[in-house]
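Chain residues, written in single-letter form:
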Amino acid sequence: MKHTFSFYSLLTLTALLVTGCMNEFDDETFTDGNYPYGNNAIPVDAPITTIQDLKTVVYPELFQSPGKYNYQYTRVEHDLYIRGRIVSNDESGNVYKTIAIQDETGGVAIGVNATGVYSFLPMGQTVIMNLNGLDFGAYSNMPEIGTAYENDSYGMQLGRISQKKFEEHIRLVGTPDPTAVQPKVMTESALKNLIPTDYPLYVKLEGVTFADAGRPYAPTDGATEDRYVSVGNQQVDCRCSSYSNFAQDTIPTGRVNVTGLLTLYGSTKQLLIRVVDDVEVAD
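A.B. asks: For the packing of aromatic side chains, give the residues involved together with the corresponding values.
C.D. replies: In the structure shown here, the tally under the stated rule is 7 aromatic pairs. Relative to Tyr265, the ring of Tyr69 has its centre 5.9 Å away and its plane inclined at 55 degrees; by these criteria the two rings are tilted. Here Tyr69 is found in the loop between helix H2 (51–58) and strand E1 (73–75), whereas its partner Tyr265 is found in strand E15 (residues 256–265), with 196 residues between them in sequence. Here the aromatic residues Tyr59, Phe63 and Phe136 are joined through ring pairs into a cluster of three or more.

A.B. asks: Any chance you could break down the pairing of strand E6 (residues 135–139) for me, citing the residues and the numbers?
C.D. replies: Of all 5 residues in E6, 4 are buried; the element is thus mostly enclosed. Note: E1 against E6, 3 bridges, orientation antiparallel. Each bridged residue has a counterpart across the sheet, and for Tyr73 the counterpart in E6 is Gly137. As judged from the 5 bridges shared by E6 and strand E7 (residues 142–151), these two strands associate in the antiparallel manner. Its bridge partner being in E7, Tyr139 is matched across the sheet by Met142. Between E6 and E7, which pair antiparallel in sequence order, lie 2 residues; one of them, Ser140, sits at a positive phi of approximately 50 degrees.

A.B. asks: Give a description of the side chain of Asn94 that names residues and reports values.
C.D. replies: Structurally, Asn94 can be placed in the loop between strand E2 (81–88) and strand E3 (98–102). In terms of polar contacts, Asn94 uses its side chain to reach the backbone carbonyl oxygen of Ile273, at 2.8 Å.

A.B. asks: Residues and numbers for the layout of surface pockets, please.
C.D. replies: Rolled over the atoms, a probe sized like a water molecule indicates the empty space that remains. A volume near 750 Å³ is recorded for the largest pocket. In terms of lining residues, the largest pocket is bounded by 25 residues, among which Tyr96, Thr98, Tyr139, Arg160 and Leu272 are the most central. Elements supplying a minimum of two residues to the lining of the largest pocket: E7, strand E8 (155–159), strand E14 (234–241), E15 and strand E16 (268–272). At 4 residues, the largest contribution of residues to the lining of the largest pocket is made by E15. Taken as a whole, the second largest pocket holds about 200 Å³ of empty space. Together, Asp90, Glu91, Ser92, Gly93, Val95, Tyr96, Lys97, Thr115, Gly116, Tyr118 and Tyr243 line the second largest pocket. For the lining of the second largest pocket, the class distribution of residues is 4 nonpolar, 4 polar and 3 charged.

A.B. asks: Describe the pattern of salt bridges, and please don't skip the residues or the numbers.
C.D. replies: Using the criterion set out here, one finds 5 salt bridges in the structure. Of the charged contacts, one joins Arg215 and Asp212 as a salt bridge, the two residues approaching to 3.0 Å between their closest N and O atoms. Of the residues examined, Asp212 reaches a relative accessible area of 10% and is grouped as buried.

A.B. asks: Could you give me a rundown of H2, with the residues and numbers involved?
C.D. replies: Inspection of H2 places Ile51, Gln52, Leu54 and Lys55 among the buried residues, and these make up the whole buried set. Looking down the long axis of H2, one finds its buried residues gathered within 165 degrees of arc, a one-sided arrangement. Packing partners of the buried residues in H2 comprise E2, E3, strand E4 (107–113), E6 and E7.

About the criteria used
- In every chain, residue numbers begin from 1 and rise along the written sequence.
- With the structure being a predicted model, the display of local features is reserved for residues of pLDDT at least 70 and the display and counting of side-chain atom pairs for 80 or more, all residues being used for whole-chain, interface and lining totals.
- With hydrogens and water set aside, each side-chain value is computed from the structure's full complement of heavy atoms.
- Between the rings of Phe, Tyr and Trp (Trp by its six-membered ring), a pair exists once the centres lie within 6.5 Å; its type follows the angle of the planes, with under 30 degrees stacked, over 60 edge-to-face, and the other angles tilted.
- Helix and strand definitions here come from DSSP, where helices need a minimum of 4 consecutive H or I residues and strands a minimum of 2 consecutive E residues; each element is numbered from the N-terminal end.
- Classification of residues uses two cut-offs on accessible area relative to the type maximum, computed with a 1.4 Å probe and protein chains only: under 20% is buried, over 50% is exposed, and between them is partly exposed.
- Any two strands between which DSSP finds at least two bridges are classified as paired.
- Pairs of N or O atoms are called polar contacts if they sit within 3.5 Å, as long as, within protein, a hydrogen donor faces a hydrogen acceptor (for residues adjacent in sequence, only side-chain-to-side-chain pairs).
- Both cavities and pockets are sets of points on a 1 Å grid over the protein atoms alone; in a cavity a 1.4 Å probe fits but cannot get out, in a pocket the set is open with protein on both sides within 12 Å along at least five of seven lines, and lining residues sit with an atom within 4 Å of a point.
- Grid points are joined across faces, edges and corners, and a volume is the space filled by probe spheres set on the points.
- Polarity classes work like this: nonpolar for Ala, Val, Leu, Ile, Met, Phe, Trp, Tyr, Cys and Pro, charged for Asp, Glu, Lys and Arg, and polar for all others, with Gly in that last group.
- The rule for a salt bridge is simple: a side-chain nitrogen of Lys or Arg has to be within 4 Å of a carboxyl oxygen of Asp or Glu.
- Each C-beta atom gives one direction from the helix axis, and the arc is the one those directions make.
- Residue contacts are defined here by distance: any two heavy atoms, one from each residue, within 4.5 Å place the two residues in contact.

This is the structure:
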């Protein structure tokens, strides 16, 4: 009983601390240059490289591999700034230690070895990121920012940035505006014509049905499973984790609209649902 009490007491304390941090962060006294998260020394007027130029102009050679699984990356060794809004975070627990930002030209995933990042980086928050000292490239074909590490089976590849290092490389600008990040409605032909440098992309799939409708989003055994939707002849895997707070919710039947971050693994399109409200019954 003592162990049970201690565990739930710890959960309660953690929730209170997180709530307190969020309330403190929401305080209107925090303005540009005075945020409690990130690096306020990053210049707000830094010269910005668009995200699409990062992929196709600055480092185009990283995405020209003919292989099915591309893990090429490079260390950025000079000040290189990108700017965008948060379009995916770990709010529900379904997206694990990864965020994504997107500007008017495209998006990029960022691996961060931390949880609860959504408390500081909500949807629609504008950030500036300095990539100097970080690694950029492809993780199984998808553009990602991270820190390289050696995988026992596959050699060097992109991994997650430590929380401390991540905060040193990112600056928050302005206040979050969720309405400023609108998903791109994807048709069958649009999905078919995507190439690796188009990913990740904040999208909406309209009027689709789940092959697994009526089942839970995820099992209870700590696994991540694919729940499939079809857009015409294009199949998209919805990755659903047992650790999400909607894992045991029932997938709705009939036609639905699904919003999320469209990612790429090899040649497989995967959609990451951020929160359960990203699945809506279609009109």
